[in-house]
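# A look at the structure
So you can see what is in the structure, the chains are spelled out below.
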Amino acid sequence: MSFLEISDLTAGYGKATILRNLSLSVDRGESVGIVGRNGAGKSTLLLSIFGQTRVFGGEIRVAGTRTDTLPAYRAAHLGVSFSPQGRMVLPNLTVQENLCMSLATNRKGDWTLEGVFDLFPVLRERARAPGMALSGGQLQMLAIGRALMANPEVLVLDEPTEGLAPVLVDVLTEALLKVRASGTGILVVEQHHALIRAVTDRFVVMAKGEIRGGGASADMAAEENAHLFEL
Ligand SMILES: Nc1ncnc2c1ncn2[C@@H]1O[C@H](COP(=O)(O)OP(=O)(O)OP(=O)(O)O)[C@@H](O)[C@H]1O
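Below: a short report on this structure. (Residues numbered from 1 in each chain as written. Predicted model: local features only at pLDDT ≥ 70, side-chain atom pairs only at ≥ 80, totals over all residues. Heavy atoms only, no water.)

## Focus on the layout of surface pockets
Roughly 520 Å³ of internal volume is contained in the largest pocket. When contributions to the lining of the largest pocket are tallied by element, the ones reaching two or more residues are α1 (42-49), α2 (72-78), β6 (80-83) and α6 (136-148). It is α2 that provides the largest number of residues to the lining of the largest pocket, a total of 4 residues. A breakdown of the residues in the lining of the largest pocket according to their chemical character gives 15 nonpolar, 7 polar and 2 charged. Taken as a whole, the second largest pocket spans an internal volume of roughly 360 Å³. Of all the secondary-structure elements, those providing two or more residues to the lining of the second largest pocket are β3 (31-36), β9 (202-207) and β10 (210-216). Grouping the constituent residues of the lining of the second largest pocket by class yields 8 nonpolar, 5 polar and 5 charged. (1 Å grid on protein atoms, 1.4 Å probe; cavity = no way out; pocket = protein on both sides within 12 Å on 5 of 7 lines; lining within 4 Å. Points joined across faces, edges and corners; volume = space filled by probe spheres on them. Helix = DSSP H or I, 4+ residues; strand = E, 2+ residues; numbered from the N terminus. Nonpolar A, V, L, I, M, F, W, Y, C, P; charged D, E, K, R; others polar.)

## Quick look at the site of the ligand
Neighbouring the ligand are 13 residues; G39, G41, K42, S43 and T44 lie closest to it. N38 places a polar side-chain atom, nitrogen or oxygen, 3.2 Å from an oxygen atom of the ligand. Between the ligand and T44 there is a distance of 2.5 Å, counted from an oxygen atom to a side-chain nitrogen or oxygen. In the complex, 58% of the free accessible area of the ligand, which totals 630 Å², lies under the protein chains. (Near = heavy atom within 4 Å. Polar contact = N/O pair within 3.5 Å; in protein donor to acceptor, adjacent residues only side chain to side chain. Areas by Shrake-Rupley, 256 points an atom, 1.4 Å probe, with all protein chains shown as cover.)

## What about the pairing of β10?
With 6 bridges connecting them, β9 and β10 associate as antiparallel partners. Bridge pairing in β10 links F203 to G215. In textbook terms, the turn of a hairpin is the stretch between consecutive antiparallel strands, and for β9 and β10 this stretch comprises 2 residues, one of which, K208, has a positive phi near 50°. (Pairing = 2+ DSSP bridges.)

Below you can see the structure in the form of structure tokens.
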């Protein structure tokens, strides 16, 4: 069994089924990208790992323990941490306080406050600024930094480049390359295929709540994969 194992998952919200019989696994230290059109169910899949959807069938296990039925912090304790779409930074806490929230997981590893500040030096400069004072790019760095502070085996990211200028997309790509090189795995939903190609080993394409296919990220633009991206 892989470190993160999504098996035959059917899930949604209320009475609505969004994901259908979906299976995906991510090993420790592996990097996987998820692409697909708006509404394909990508965020729903990530939220399911953290117990935030209604599961109708199948299951998700992290290090062998079911997480789809547990509160989100339990998944973080087990070694997957989340940088959500919209970033969810606490506006009245400082940058440093937001980062230190993840210490509650009590997971030891290389990602310390200093490690995160080295990855994103602007967060060191703004350590005492409240979350509400940050720019969009800084908020994204803080959300990623906070997730890293939990020292995950797999860092889960939902559209990290959403709303960011191209220069900041490059900064984030560089940072995620360093995260990957450190041995931390990455599961990332992202519209920028260039980022997926740069920082992941393989990709999957989602459509209508299912995985339509996938392959090696280096081959994403290859002719043989073109059909995966057709309507
Ligand atoms: N809280 C919710 N309650 C009910 N339906 C929801 C909820 N959140 C999302 N949905 C629906 O689930 C479907 C999949 O949405 P989801 O956000 O997972 O897609 P996505 O692939 O991440 O798209 P996007 O790129 O737009 O975020 C959509 O039809 C959406 O309207």
